[in-house]
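Observations on the three-dimensional arrangement
Listed below, chain by chain, are the residues.
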Amino acid sequence: MTPSQDASSPTATWRNVTCPFCGLLCDDLSVAHQDGRLRVLEGGCGRAEAGFGHPCEPATPLVDGQAAELDAAVQRAAAILRAARLPLYGGMGADVAGVRTVLELADRTGGVVDHMHGDGMIRNILAIQDAGWMVTTLTELANRADLLVFMGTDAVTHCPRFFERLIWHKESMFDLDTNRRQIVYLGQSLDSGPGHAPDGRAPPGLACDPARLGEVAGVMRALLAERPVQAPRVGGIAVTELQALVERMKKARYGVLLWSAGDLKLPHGELTVQTFCELVKDLNRLTRFSGLPLGGEDGATTFSQVCTWQTGFPLRVSFGSGHPVFDPWRFSTTHLLESGSADALMWISTFAAEPEPPAAGVPVIVLGRPGMTFAQPPAVYIPVGTPGLDHAGQLFRMDSVVTLPLQKLREAGLPSADQIIRAIQAAL
Amino acid sequence: MLIKLTGGRVYDPIHHINGEVRDLYLRDGRIVADPGQAAVDQEYDLRGKVVMAGGIDLHTHIGGGKVNIGRNMLPEDHRRHPMAHTPLTRSGCGHAAPSTFVTGYRYAQMGYTACFEPAMVPINARHTHLELADTPMVDKGTYALLGSDDFLLRMLAQGADQKAINDYVAWTLHATRSIAVKVVNPGGISAFKFNQRKLDLDEPNAYYGVTPRAILQRLTRAVTDLGVPHPVHLHGCNLGVPGNADTTLDTIAAAEGLPLHLTHVQFHSYGAEGDFKFSSAAARIAEAVNHNRNVTVDVGQVMFGQTVTASGDTMAQYRNHRHASPRKWMCMDIECEAGCGVVPFRYRDQNFVNALQWLIGLELFLLIQDPWRVLLTVDHPNGAAFTTYPHLIRLLMDRSYRNDLLATINKSAAAMSTLGSIDREYSLYEIAILTRAGPARILGLTDRGHLGPGAVADITVYTEHDNKEEMFARPAYVFKDGELVAKDGVIQKVVWGATHVVRPNYDPAIEKPLREYFERYHTMRLEHFKLGDEELLDDGRGRIQVHPCAVGWRA
């Protein structure tokens, strides 16, 4: 379970380390611990290097911007929550243990829970709740996919090693020459470099305003159903090109259609997601095709999985009436703060210093990575350890079916978010 | 502390006790023999009450990826069934796919003390055990799903010997902390990924060329060789397909006398007769079960109402997606191991097919003679929510109630069924077999399902009632590990149960081909696939109980 550690030299080296810094959860990293710094030796990417390499600085709790003892910070946090009618537990970038403990606290205090990436997540959730989907997971993609259609995403912006680990590098189990995989991009300003095949083949791209991708997918459904389409162009793409793409998709043995809900920043982006999902379902009348929703950063998948099994709903859940109530709009972080419905905010962000907690106009408690800075100092800031660096834990990969163990690589002298939340709960 | 339960009527079929008035003594979480003169610290007056061991549900989908997907798909079902928090209990909701705390509380309120998640995808083991750890009140266990995993299919296609298969199966049981092996549509979940839309027992998988029969036989052999107490727990081919009774009978024959458990056999007992080309073959299946003593079944009764079907059988779920009600559904291909499909479903009593499904389940219960080999399940949530058990028990025990309901369902279906002419009524003793003694025995749980000295003190006390649904819905007392946890349907104390596992011997050399497979093809490290005990012990909240396998390692 624990990574192998070479203790004989002053540098301790950990192998098979899980990286918590994006939804891919690569677990093949080698990380060295030397002179108080962690360094990625193998298997990393820029994001991993920055995340592991973040200096482990001494971290003092702050109350109203001033250094304070941990106990004083905990007591102040408890006082804020005690006084609140509807506390909002937001950010929620934490590991399984952290999420479990916050949900218990939210249940007891009649609060609301939401995730910092809730706006993106809700687009997928609403599609699942309304019509469902057909999806696949990473090992299936790596071994089976012969055609990958990227809708408004390049994957690498969120998961730098996506192509390296899943597309070009792998052997495939099923007599598939992975070098001959077909990649197609639809969208704008996508980084298609990684989509170039090892033999130099450039992936075709159909330039399209991302806001029109729903329409484009709708027309693809129509073309697949052999319905007449009058318009010559949709979203900037010639219908003849879409027709050719649909023909390729029909001929795929195992096609995958990928999107990143967080990047579909449109009003009712869930309708775009749904159209993608319906297109995938349509294709399954003829061949095998699956969707792959990308995401999972900052513990998003972890949060929605734990929240779903403990409450029944994946996010934006209020315990204000004593039992879980889900409302995708009323219980969003933005609406709760803008409407003044929430009167306290606890912001949890253990993996990254960004995004900052939103401007709140209510007392704010932050449990976050050391070294966070704020435009406005929160009432309470308690630096906590990063799961996978400072303490062990578990995280869900973005395809939701795989849960990786996280390791403790160094002694940072930082409590975990889980420990602090328990202390606050005890102080209530 | 010595606790005495005085004067109850005890039903303990493992010890052939059929309603005798007996006192029970509990100490340190176990039932102990009469301690003679020892001072009793606490006494419960159970005169006039019925005492059984705690209920055991050996097939209920309560944890893991597809269950969570089911929860995600049914916000409307959750909204209709909220559960508020109390000073003792957490809040939650749901009926067909309840949240984990609610699942545990409801089972305890109903007098169940152990539940088994029957379809754990091995790569999803960590997630499954996390959900089960958040399921209070009950002991739990998991069955590891094999049969469409590419590692196994590659072995079979390459002609691997039985020893290698045995080692792989044992390794998987260890790695996933499971108690049994589950097989779902063997080779069929894989076949669907190759665009194969059906797979009969003797039909080869489009890529591997291996048949479900071959897969089933190799896995049945493995489980037997390893001495795992529970046989292969099989969700057979052609689930839900009219005429699939033939497949089921062929599958029984394919076992060639080795122990085999057919799960939710109701879904596999269909004929294709009549105007609607859909009929009951329950009598034929019951006869086969009666004559083949190596076969055990659980019924998977359907109940009228809204539920959700959540299954590893992607092929069948995709096939059935047109029947989704409400009209939404999902399918997932999973990690070169398995798949899943979640399809909400409403069973309607006026619908010919649904009414006949209801009838078929009841016919199976009433026509299979040996209560030790026909266990009581609704394949929660596929047939119904587990909270329908008291209603189902009433149907089995009360012929007149059953026939009253029969008169209200779709008339064409009722006319095709022999149910109205079946007089049999289950006794309390037999119900105790179906719901506790039988499951304990066929899972190999030797210290539960009974009330003899040494048994774990998981005990349910019912107030006798003519209306058996009322009786079984609200036990008077429920004891878990010797503590009172529920009284008249109200949780008294929140406890956390143990996880039951088996650890058959195996040759660790199997890790060499496994490691190579993971390195070449997988997106996760082999080291991370395997669970550690500390993950189930969960900082003291959990415990592990290891059950012995029957034979030593066979080279």
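Residues numbered from 1 in each chain as written. Chains lettered and ligands numbered in written order. Predicted model: local features only at pLDDT ≥ 70, side-chain atom pairs only at ≥ 80, totals over all residues.

Across its full length, chain B carries 20 helices and 26 strands. What you see for chain B is a C-alpha radius of gyration of 22 Å, in line with the 24 Å of a compact globule of 555 residues. Oriented by its inertia axes, the alpha-carbon framework of chain B measures out at about 65 × 55 × 45 Å. Within chain B, the proportion of its 555 residues that are buried is 60%. Residue pairs at least 24 apart in sequence account for 76% of intrachain contacts in chain B once pairs closer than 6 positions are excluded. (Helix = DSSP H or I, 4+ residues; strand = E, 2+ residues; numbered from the N terminus. Rg over C-alpha atoms; globule rule 2.2 N^0.38 Å. Buried ≥ 20, exposed ≤ 12 C-beta atoms within 10 Å, placed from the backbone. Contact = placed C-beta atoms within 7 Å.)

Turning our eyes to something else, we now look at the overall build of chain A. Secondary structure summary: chain A contains 12 helices and 22 strands in total. Over its C-alpha trace chain A gives a radius of gyration of 23 Å, about what one expects of a compact globule, namely 22 Å for 428 residues. The buried share of chain A, reckoned over its 428 residues, is 60%. Looking at chain A alone, contacts between residues at least 24 apart form 63% of all its contacts between residues at least 6 apart.

Another aspect to go through is the packing of helix α3 (residues 96-109) of chain A against helix α12 (residues 417-427) of chain A. Residues and elements named next belong to chain A. Running from N to C, α3 and α12 point in directions that differ by 20°, and their axes come no closer than 8 Å. Here α12 runs roughly parallel to α3, going by the angle between their axes. Judged by the sense of rotation from one axis to the other, the crossing of α3 with α12 is left-handed. Each of Ala97, Gly98, Thr101, Val102, Leu105 and Arg108 in α3 lies in contact with α12, whose residues at this interface are Ala417, Asp418, Ile421, Arg422 and Gln425. For the contact of α3 with α12, the residue count by class is 5 nonpolar, 3 polar and 3 charged. (Axes fitted to C-alpha atoms, helices over the stretch in contact; angles between N-to-C directions. Parallel < 35°, antiparallel > 145°, perpendicular 65-115°, else oblique. Left-handed = near helix turned anticlockwise from the far one by under 90°. Nonpolar A, V, L, I, M, F, W, Y, C, P; charged D, E, K, R; others polar.)

We now examine the interface of chain B and chain A. Between chain B and chain A, the contact holds 48 residues from the first and 52 residues from the second. Of the residues in the side of chain B that touches chain A, the class split is 18 nonpolar, 17 polar and 13 charged. Where strand β8 (residues 134-136) of chain A and strand β18 (residues 330-334) of chain B come together, 3 bridges link them in parallel fashion. Following the sheet pairing, Met134(A) is matched in β18(B) by Cys331(B). (Pairing = 2+ DSSP bridges.)

So, on to the sheet that holds strand β3 (residues 37-42) of chain A. Residues and elements named next belong to chain A. The 3 strands lie next to each other as β1-β2-β3, forming an open sheet whose pairing is antiparallel. Sheet topology places β1 (12-17) and β3 at the edges, where each strand pairs with a single neighbour. The mean inter-strand angle of the sheet, taken between neighbouring strand axes irrespective of direction, is 30°. Each of β2 (29-34) and β3 is contacted by helix α1 (residues 46-53), which is oriented at about 155° to β3, the strand it contacts most.

Our next topic: the pairing of strand β10 (residues 182-187) of chain A. The two faces of the sheet receive side chains in turn, since in a regular strand these alternate between them. All names here are of chain A. Among the 6 residues in β10, 5 count as buried, and that is most of the element. Pairing geometry for strand β9 (residues 147-151) and β10, over 5 bridges, is parallel. Directly across from Leu148, in β10, lies its bridge partner Ile183.

A separate point is the domain arrangement of chain A. All names here are of chain A. Split into domains, chain A comes out as domain 1 (12-53), domain 2 (62-117 + 298-427) and domain 3 (122-295). The centre of domain 2, based on its C-alpha atoms, is set 34 Å off from the matching centre of domain 3. Grouping the amino acids of the side of domain 2 that touches domain 3 by side-chain chemistry returns 5 nonpolar, 2 polar and 2 charged. (Domains from an automatic or database assignment.)

Turning our attention to the pairing of β2(A). Residue and element names in this part refer to chain A. What you see with β2 is a clean split: Leu29, Val31 and His33 sit on the buried side and Ser30, Ala32 and Gln34 on the side with no burial. Of the pairings in the sheet, the one linking β1 to β2 comprises 4 bridges and is antiparallel in character. Within β2, the position partnered with Thr13 by the bridge is Ala32. Note: β2 against β3, 5 bridges, orientation antiparallel. Pairing of Gln34 across the sheet is with Arg37, part of β3. What sits between β2 and β3 in their antiparallel hairpin is a turn of 2 residues, with Asp35 showing a positive phi close to 50°.

We now examine the environment of Val295(B). Residue and element names in this part refer to chain B. Within the fold, Val295 resides in strand β16 (residues 295-298). The buried category is assigned to Val295, around which 24 C-beta atoms lie within 10 Å. Distance in space between the C-alpha atoms of Val295 and Ser311 is 22 Å, their sequence separation being 16 residues. Non-local contacts of Val295, meaning those with residues more than four positions away in its chain, are made with Ile252, Leu260, Leu262, Val289 and Arg373.

With that out of the way, let us pick up the nonpolar core. Core analysis: the biggest nonpolar cluster contains 323 residues, and Val102(A), Val169(B), Val181(B) and Leu364(B) have the highest contact counts within it. Residue contributions to this core peak at 10 residues, all from helix α12 (residues 352-367) of chain B. (Core = buried A, V, L, I, M, F, W, Y, C linked by C-beta atoms within 7 Å.)

Okay, the sheet that holds strand β4 (residues 62-63) of chain A next. Sheet strands pair via backbone hydrogen bonds, and the direction of the pair is either parallel or antiparallel. Residue and element names in this part refer to chain A. In spatial order, the strands read β5-β4-β20-β19-β18-β6-β7-β16-β17; together these 9 strands make up an open sheet with mixed pairing. Bordering the open sheet on either side are β5 (66-67) and β17 (325-326), each of which pairs with just one other strand. Judged from the 2 bridges that link them, strand β16 (residues 317-318) and β17 form a sheet pairing that is antiparallel. Across the sheet, the residue bridging to Ser318 is Val325, located in β17.

Take unusual backbone geometry next. With an omega of -10°, the peptide bond between Glu354(A) and Pro355(A) qualifies as cis. In this model, Ser325(B) is joined to Pro326(B) through a cis peptide bond whose omega is -5°. Assignment of secondary structure puts Pro326(B) in the loop between α11 (314-319) and β18. In this model, Ala155(A) sits at a positive phi of 70°, which is unusual for a non-glycine residue. In this structure, Asp538(B) is a non-glycine residue whose phi angle is positive, near 50°. Mapped onto the secondary structure, Asp538(B) falls in the loop between α20 (533-537) and β26 (543-547).

Below, the discussion takes up helix α4 (residues 118-130) of chain A. All names here are of chain A. With 13 residues, α4 extends 18 Å from end C-alpha to end C-alpha; this agrees with the ideal 18 Å at 1.5 Å per step. For α4, the set of buried residues is Gly118, Gly120, Met121, Ile122, Arg123, Asn124, Ile125, Ala127, Ile128 and Gln129. Just downstream of α4, Gly132 is the residue with a positive phi angle, here 85°. (Expected span 1.5 Å × (residues − 1).)

Turning our attention to the environment of Ala286(B). Its location among the elements puts Ala286(B) in helix α10 (residues 282-291). When sequence neighbours within four positions are dropped, the list of residues in contact with Ala286(B) reads Leu364(B), Leu367(B) and Ile368(B).

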